[in-house]
Structures are given as structure tokens and as C-alpha cells.
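What follows is the residue order along each chain.
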Amino acid sequence: MKPRLLVLSAVVLFASLTLAQGSRQKTRMATAQVEATGPIAIRGGKLLTITHGVIENGVVVMENGKITAVGPGNTSIPRGATVVEAAGMTVYPGLIDSETNLGLVEVEADQMSNDLVEPSDEIMPHMHVADAFHSETQRIPVVRVNGITNAIVAPGTDDSLPGQDIFIQLDGKDRDEMILVRDIAMPLNFSGEQRRRGGRGEGGGGGLGGRFPSTRMGLASQLRQAFLDAQDYEAKQSASPKKSDSASKGSGSGGENRQKRDLKLEALLPYLHGQRPVVIGAKDGYDLENAMRLAREFNLKVILNHVTHSQQILDEIASWKVPVIVGPIYDFPRPDERYDAVYSLPAELYKRGVKIAFASYKVEHNRNLPYAAGYAVAFGLPYEEALKAVTINPAEIWGVADKLGSLDVGKTANVVIATGDPLDVKSDVKQVFIEGRRIPMENRQTRLRDQYGGVPPAPGGAH
């Protein structure tokens, strides 16, 4: 019996030591990603600084995750720095996508990998994208190899108040490190998608079997009631006895009068106080006007989204003095619109003094973010403004311009090296740095390409 116990004890001890060693190994691997790195200097490239022009044959120095120097070719490079030669290349700040659903859906047809929206109700402001964000998604490496380093991740648009967005960085040792700002904004969707007209397979056509709301007035009424309920909830919470007051009066008094917490209404309060912006999503002018009336009624801080078919009220949009996220720019014009109405919309907004930013929206389009900006240039948007609309403009809109959006000393070292113009589909991104870390330029798509031999030779061509 004793020999058997000795053998069992030895096995348990060996397993414990192995697990402990494995744990230490994992810890070392995890922290290696965020350890302070030595200085890195990118030398000889064309610098698109965004905020202070173009520097030919320039130098960018990065250390400890920050940009420490930006200047011409004679800029001092620290002794012992790793030098990256970028002659003939273009160097620019990491691009920012102002709305995507990265990390919320892997395969759209597979509901087990789909966390886009909570379908049980239309008013769900207490849903947090941070709770569903899947940082290990295979889609993030696909996106960042094209120079996109940061993004707003938003829930789906089926609900009128579907939850609260997050602002992410597309690299980090875990999801907590990748989420830079939790609950940064709340979408308020006001369009035909939210007027159910029978909704999600329940009847159809807006008949008696339909679910509320199925009209614009129903949608406006539902949203107004939600904000009124939140105001009433806050007033009652303020008037109810505090926990300390009720405790001082004894266990049998006071506590019964305290109002039960309501997470749904509580989530609306920062937006009612203007502490965070609501992102009003609407494509048509009349929907935008209705949503803005509601926003002004409750003094909401507003960012507009889409405005795709609102050309008839562009002057009114400009008078609201709010930023606009434009897109998707590849949308078809309507029968009563010019063929280029959607394509020229960014240029028309810019002419009216509106600050714009671009978004890719769906995961299958995320990597094409810079090309949407390039497409707008072809239809009248100045090139410099298009570049700003994927860098410094979104950084300013989302309140992170002190850290991101340009090549400036002190900002986060999110830097991209490409063979040419970042808005040109023919340019090839050669290297991405996030917080000064060299990001592997591979993903599932490149591995499949390499595994299966790349592009096959043309029929009849040389072998």
C-alpha cells in the first residue's frame, strides 16, 4: 500500500511542478508583448504627419510605445536604436475605423459566433459591447495588415438603442488591453430597419400581427418614452433615502422606500447629461430631422452616422454643427438621385464645413477602409481631407486626438509603412507598428495563400 501511495505522490508532485512551470511560461509570454522595447527609428520614408505637412526623407523615432521624434533626415537617432530603412516608402499614422463589428461576429451564418445584437427588445442601452468583444477573432489580423490600428466596435443596427460602443486597439495581450475606452458612445438608430413592420419573422407587412414600433411616430414615441423614464428614474433615485440614512434609522425603516436599480434606465443617464455622445444612424433626410428633434429635446450630444440619402438637407445638417460618419460610400443611388449622389456626399459635407470620418461598418469591408476615402477623392473630396477623415478627424470625434491620429511627439506609436499612397488600392502595406511593437504581417488569409501556392500561372503561360 505504501509504495503505491509513494508513486501516486510523486506523480502528483511532478504534475504540480509542470503546471507551475507552464503557468510561469504563459506569464512570461503574455508580458513579453508589453515589455518596454528599445528605440526604433524609421528612416528615409515620406512622412505623412497629418497635422504638420509632409516630410520627405524623414525620420520617426519610437520608444516605450510612444513617438519620441519626428523630423527631417538629419533628426538625431538614439544610440543603439533599431533602424528600419524606409527609402521609397510612405510612413503614416495608423488608420481609425469609426464603426465596425470586429470581434462581435466571426461567421455571420453561425449564430454561435454572432453577438451583434440582443433581439429580445428594441431598447437595450444597458448592453455593453465590452462584454461580448472577442479579441481572438481571426478577422483582426486581416484588418490590421492593411494599416488599420484602431476602431469603434458597435452592436448591430436592428435595435433602436442596441447598446454601448467600445474603442479598441487592434493588438494587445488580451481583450482588456485592447479595449482602450469602454462605453465610449451609444448608437441611436432611426430608420426603416428599426420600424419592425412585423419584425424578424413575426408576421409581416405591418398588419395586425406586427410588433411596435412599425411607424416613424411609433419609433419616436418609444425613444422619447425611454428618455423620459430615465429622467423620472433619476429624480426618484435622488429623492429616495440614501443607504447610510436608512441604516441610521434602524433596520426596519427607510430601506423599504429605496427604489430598485434599473440598469436599462441607468445606462441612459450619462447621455442625458451630455457626458457621452449618441451616434444617430439614419440614411434619409426626414429620419435625420426626426431624430435630431428628439436629440435637441433632451439636449443630447450628437454624432451623425450614414446620412447616405440626405442630400436635400445638407445645409441643415451643416447648421447643426455636429460631426458626420459617412458611408457606406459604395451604396447605390436611389431612382430620384444623381448617379454620383452617394459618392460625392463626403465632398459636399466638407464644402459646408462639416467634420467627416469614414467607417467600414461590416467585417467583410473592414480592410477596405482607406479605399472608401480614396473613392471620395475621385468625387471631389480634397486628398488631405480624405486622409484626415481616417486619422485625425476620428481621433478628435472620439476624444483621443491627444494620443492618436497623427505623427506627433508624445502620441502612441501606431505607425504604418507602405509602398505608396495609403488611399490607393495598389499600395502594399509592408509593416505596421502598434504601440511601437512590430506587428506580424500575417493572418489566416496569407497562411492559406502560402499553403496553397499563391496565384496559379495563367493557362498557356510559362511554367
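Residues numbered from 1 in each chain as written. Predicted model: local features only at pLDDT ≥ 70, side-chain atom pairs only at ≥ 80, totals over all residues. Heavy atoms only, no water.

Peer 1: I'd like a description of the sheet that holds strand E6 (residues 95–100), backed by residues and values.
Peer 2: The strands making up a sheet are joined through hydrogen bonds of the backbone, oriented either antiparallel or parallel. The four strands are arranged E6-E7-E8-E9 in an open sheet whose pairing can be described as mixed. The outermost strands of the open sheet, each flanked by one partner alone, are E6 and strand E9 (179–181). Direction aside, neighbouring strands of the sheet carry axes that sit 30° apart on average. Where strand E8 (residues 166–169) and E9 come together, two bridges link them in antiparallel fashion. Among the inter-strand pairings, isoleucine 168 is bridged to a residue of E9, identified as isoleucine 179. The strands that helix H11 (residues 369–378) touches are E6 and strand E7 (148–153); relative to E6, the one it contacts most, it runs at about 95°. (Pairing = 2+ DSSP bridges. Helix = DSSP H or I, 4+ residues; strand = E, 2+ residues; numbered from the N terminus. Axes fitted to C-alpha atoms, helices over the stretch in contact; angles between N-to-C directions. Contact = heavy atoms within 4.5 Å.)

Peer 1: Before we move on, can you summarise the layout of surface pockets with the specific residues and values?
Peer 2: The computed volume of the largest pocket comes to approximately 850 Å³. In terms of lining residues, the largest pocket is bounded by 40 residues, among which Pro155, Gly156, Thr157, Asp158 and Lys362 are the most central. Where the lining of the largest pocket is concerned, the elements lending two or more residues are E6, helix H2 (129–132) and strand E11 (278–284). Element by element, the count of residues in the lining of the largest pocket is highest for E11, at four residues. (1 Å grid on protein atoms, 1.4 Å probe; cavity = no way out; pocket = protein on both sides within 12 Å on 5 of 7 lines; lining within 4 Å. Points joined across faces, edges and corners; volume = space filled by probe spheres on them.)

Peer 1: Describe the packing of aromatic side chains, naming the residues involved and giving the relevant values.
Peer 2: In this structure the tally under the stated criterion is five aromatic pairs. Between tyrosine 330 and tyrosine 375, the aromatic rings sit 5.4 Å apart at their centres with planes inclined by 65°, giving edge-to-face as the arrangement. One end of the pair, tyrosine 330, is in the loop between strand E13 (324–326) and helix H10 (345–351); the other, tyrosine 375, is in helix H11, with 45 residues separating them in the sequence. You can call tyrosine 375 partly exposed: its relative accessible area is 32%. When the centroid spacing of 5.7 Å and the interplanar angle of 40° are considered together, the rings of tyrosine 375 and phenylalanine 379 count as tilted. What makes phenylalanine 379 partly exposed here is its relative accessible area of 25%. Here the aromatic cluster, defined as three or more aromatic residues joined through ring pairs, consists of Tyr330, Tyr343, Tyr375 and Phe379. (Phe/Tyr/Trp six-rings, centres within 6.5 Å; stacked < 30°, edge-to-face > 60°. Buried < 20%, exposed > 50% of the residue type's maximum accessible area, 1.4 Å probe, protein only.)

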